[in-house]
Amino acid sequence: MPFPVRVFCVFLLMGICVGLVSAGPLFTFNDGKSNLEITQTYQVWGAYTRSIDDIPVTDSRADLFLKQGRAGFKGQIIPSLTYSTIFAFDNLGKDQFTGSLGSAQATTNSTFLLYDFYLTYALDTSFANLTFGYFRPQSGHENIAPDAGVNSLDKALTSLYLRQFLTGRTSGRETGMNLGGFCQYTFLSAAYNVGVFDPNQQAIAGTDGGARKWAPLTVGRLALSAGQPDMPGYRLSPEINFFGSRAGVTLGAHYAYQNATDETWDTSAVKYNAVSKAYSGAVKYVGGFKSNSSYGVDFVANFKGLNLDGEYDFMARDLNGASFHHDSITVAAVDYRDKAYHLRAGYDFPILKGQFLEPALMYTKFIGDSKSAVYPNGLDQIIDAGVNWYIKKNSLKIALHYLHQTGQAISNYEPAAPTATKETVRGDMAAINFQIQI
């Protein structure tokens, strides 16, 4: 029996055996005024990657690994103050040539990191909620949507590139505070968020350990809904799939800006020729900027079983450039705009009681500006087609997808320009995802 068929049979058996999934344990204390709930999310993937167009020649391969692991706590401290803490352990056992996004863990599988830690104080439960801690800035919808809530196999490229651009981290988290609210009328509703964050990643600050120049990251998001809203009340992470319970459209827009930070360039490749008395070599951009901004629009539409969503983001950065040794080697000042977008659709067909079968399709693309300091002329493109079986909505889900992946250097599809001896890209991939949330 071929490997993908064997893996699917294993996952099918796991789904039947697990049955109904209940919520995590809830503990109450302080005379019922405080509580703590334990949460867990796991995604186990069985993947087969083919057409790996690498140098040296790389075999197609099967891989079974923990794509995503989450464990955390959430609850209420006092009636108006809630909290959430999440730890992440991803890509355990992943082969480095498997065609999914994200780097494989080291051999020791020792990466266990703080993903979220924040508290929300409700000045008014609807109109004014103050969140502070370590969490995602409220920018594009794909960035703030729950990882386990998308109907593609993985999140679109609008999440990955925007997160890296704003915070310098693939997790997209940063320390800061956010004020947000939600209001609903008969047919219309609106949600707003305004946040201030303090990025310290070298890719943003420009200097590892503390920048001489400092500027906060300010982020704003506004979402308007017609028909039924995309959330029952104020929350930081809106849903996409409502399993036929929503008839409505949400339009969102976001903007983020950060002023000048340290602009850093790596000159280690620059060499001096004592005979010609000249310098040669490339100066590599490390981080920092003159100014940084992102902006975009997104939508989520649900009607009966139909789920549609999309997003288009622009990532703009201005650089002063650099000179080395009396202008012998220079990098010109530049103003560039990278872009990313996606369009995704699915339809939920009710099958057994409380279960749904959803065929889903996603197209997502990243385009690097020709002048981009990070991804010059980079291209990253994914077509994702698959079927999701929701045994208990997103709490228990089995998904079978095929990803056709193309692109060119320099991007997350192909991290470096190819040479005669080395080239690494993401091959096409078929994968089965078994997801459980407790």
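Given the structure is predicted, the values throughout are model-derived calculations rather than measurements.

A separate point is the environment of Ala156. Structurally, Ala156 is set in the loop between α2 (141–144) and α3 (157–167). Residue class for Ala156 comes out buried when judged on its relative accessible area of 2%. It is 37 Å that separates the C-alpha atoms of Ala156 and Ile78, two residues lying 78 residues apart in sequence. Ala156 has contacts with Glu142, His342, Arg344, Met362 and Thr364, leaving out every residue within four places of it along the chain.

Right, let's get into a nonpolar patch on the surface. The grouping of Ile77, Ile78, Tyr121, Leu123, Phe132, Met177, Leu179 and Val196 at the surface amounts to a nonpolar patch, some 650 Å² of accessible area in total. Where the nonpolar patch is concerned, the elements lending two or more residues are β3 (61–78), β5 (113–124) and β7 (174–184). Along the chain, Tyr121 falls in strand β5.

One pass over the full model with this rule turns up 16 salt bridges. Asp154 is the partner of Lys67 in a salt bridge, and the nearest nitrogen-oxygen pair spans 3.2 Å. Taken as a pair, Lys67 in strand β3 and Asp154 in the loop between α2 and α3 lie far apart in primary sequence, 87 residues in all. Each member of the salt-bridge network shares a partner with another, and the members are Arg70, Asp90, Asp147, Lys155 and Arg163.

A few words on the layout of surface pockets. The space that makes up the second largest pocket amounts to roughly 1200 Å³. If you go around the second largest pocket, you meet 48 residues; those closest to its centre are Asn91, Leu101, Gly102, Ser103 and Thr170. Among the secondary structure elements, those contributing two or more residues to the lining of the second largest pocket are β3, β5 and α3. Here the lining of the second largest pocket takes four residues from α3, the largest share from any one element. Of the residues belonging to the lining of the second largest pocket, the class tally is 17 nonpolar, 18 polar and 13 charged.

Before going further, it helps to examine the nonpolar core. Counting 30 residues, the largest nonpolar core has Leu157, Tyr161, Met315, Phe366 and Met429 as its most contacted members. Residue assignment for this core shows that the elements contributing at least two residues are β2 (34–50), α3, β8 (188–197), β9 (217–227) and β24 (428–437). The residues touching Leu157, leaving out its near neighbours within four places in the chain, are Leu101, Ala340, Thr364, Lys365, Phe366, Asp380, Gln381 and Ile382. The next biggest cluster of nonpolar side chains, apart from the first, holds 11 residues, and it includes Trp265, Val270, Tyr285 and Ala322.

For the structure on display, the rule yields 18 aromatic pairs. Look at Tyr161 and Phe366: their rings are 3.8 Å apart centre to centre, the planes differ by 0°, and that puts the pair in the stacked class. With Tyr161 in helix α3 and Phe366 in strand β21 (residues 356–367), this residue pair connects regions lying 205 residues apart in the sequence. The pair Tyr161 / Phe366 is uniform in exposure class, with both members buried. Their ring planes at 75° and their centres at 5.4 Å tell us that Tyr161 and Tyr375 sit as a pair that is edge-to-face. Placement of Tyr161 in helix α3 and of Tyr375 in the loop between β21 and β22 (379–392) is noted, with a sequence separation of 214 residues between them.

Moving on, we get to α3. The buried fraction of α3 is high, at 10 of 11 residues. Of all the positions in α3, only Leu157, Thr158, Ser159, Leu160, Tyr161, Leu162, Arg163, Phe165, Leu166 and Thr167 are classed as buried. Taken from the residues just after α3, Gly168 is the one with a positive phi, measuring 80°.

Among the secondary structure elements, Ser245 is positioned in the loop between β9 and β10 (248–258). For the pair Ser245 and Val44, spaced 201 residues apart in sequence, the C-alpha to C-alpha distance is 28 Å. A polar side-chain atom of Ser245 sits 2.7 Å from the main-chain carbonyl oxygen of Phe242.

The subject of this paragraph is the side chain of Gln105. Topologically, Gln105 is positioned in the loop between β4 (81–88) and β5. You can call Gln105 buried: its relative accessible area is 13%. With near-sequence residues (within four places) excluded, Gln105 lies in contact with Phe89, Asp90, Asn91, Leu92, Ser110 and Thr111.

For the bond running from Ile55 to Pro56, omega is 0°, close enough to zero to count as cis. If you trace the backbone, Pro56 turns up in the loop between β2 and β3. Residue Ile410 is reached from Ala409 by a cis peptide bond, and omega for that bond is 0°. Turning to its location among the elements, Ile410 is positioned in the loop between β23 (396–408) and β24. A positive phi is found at Lys304, a non-glycine position, where the angle reads about 55°. Examined against the element boundaries, Lys304 turns out to sit in the loop between β15 (291–303) and β16 (306–319).

Conventions we followed
- Each chain has its residues counted from 1, running along the sequence as written.
- Given that this is a predicted model, residues contribute local features only at a pLDDT of at least 70 and side-chain atom pairs are listed and counted only at 80 or more, while totals for whole chains, interfaces and linings are drawn from all residues.
- In computing side-chain properties, one takes all heavy atoms of the structure into account and sets aside hydrogens as well as water.
- Only DSSP runs of H or I with at least four residues qualify as helices, and only runs of E with at least two residues qualify as strands; both kinds are numbered from the N terminus onward.
- Burial status follows relative accessibility: with a 1.4 Å probe on protein chains alone, a residue under 20% of its type maximum counts as buried, one over 50% as exposed, and anything between as partly exposed.
- Residue contacts are counted whenever heavy atoms from the two residues lie within 4.5 Å of one another.
- Only residues above 30% relative accessible area that lack a salt bridge enter a patch, with like-charged residues linked at up to 9 Å and the nonpolar side chains Val, Leu, Ile, Met, Phe, Trp and Tyr linked at up to 5 Å.
- Surface exposure here means Shrake-Rupley accessible area, sampled with a 1.4 Å probe, where a residue is shielded only by the protein chains that are shown.
- Any Lys or Arg side-chain nitrogen found within 4 Å of a carboxyl oxygen on Asp or Glu counts as a salt bridge.
- Cavities and pockets are found on a 1 Å grid laid over the protein atoms alone: a cavity is a set of points where a 1.4 Å probe fits but cannot escape, a pocket is an open set with protein on both sides within 12 Å along at least five of seven lines, and a lining residue has an atom within 4 Å of such a point.
- Grid points are joined across faces, edges and corners, and a volume is the space filled by probe spheres set on the points.
- Under this grouping Gly is polar, as are all residues other than the nonpolar Ala, Val, Leu, Ile, Met, Phe, Trp, Tyr, Cys and Pro and the charged Asp, Glu, Lys and Arg.
- In these notes, a set of buried Ala, Val, Leu, Ile, Met, Phe, Trp, Tyr and Cys residues joined through side-chain atoms within 4.5 Å is what counts as a nonpolar core.
- Stacked, tilted and edge-to-face are the three classes assigned to paired rings of Phe, Tyr and Trp, where Trp is represented by its six-membered ring and a pair needs centres within 6.5 Å; plane angles under 30 degrees give stacked, over 60 edge-to-face, the rest tilted.
- The definition of a polar contact used here is a pair of N or O atoms within 3.5 Å, where within protein one atom must be able to donate a hydrogen and the other to accept one, and adjacent residues in sequence count solely through side-chain atom pairs.

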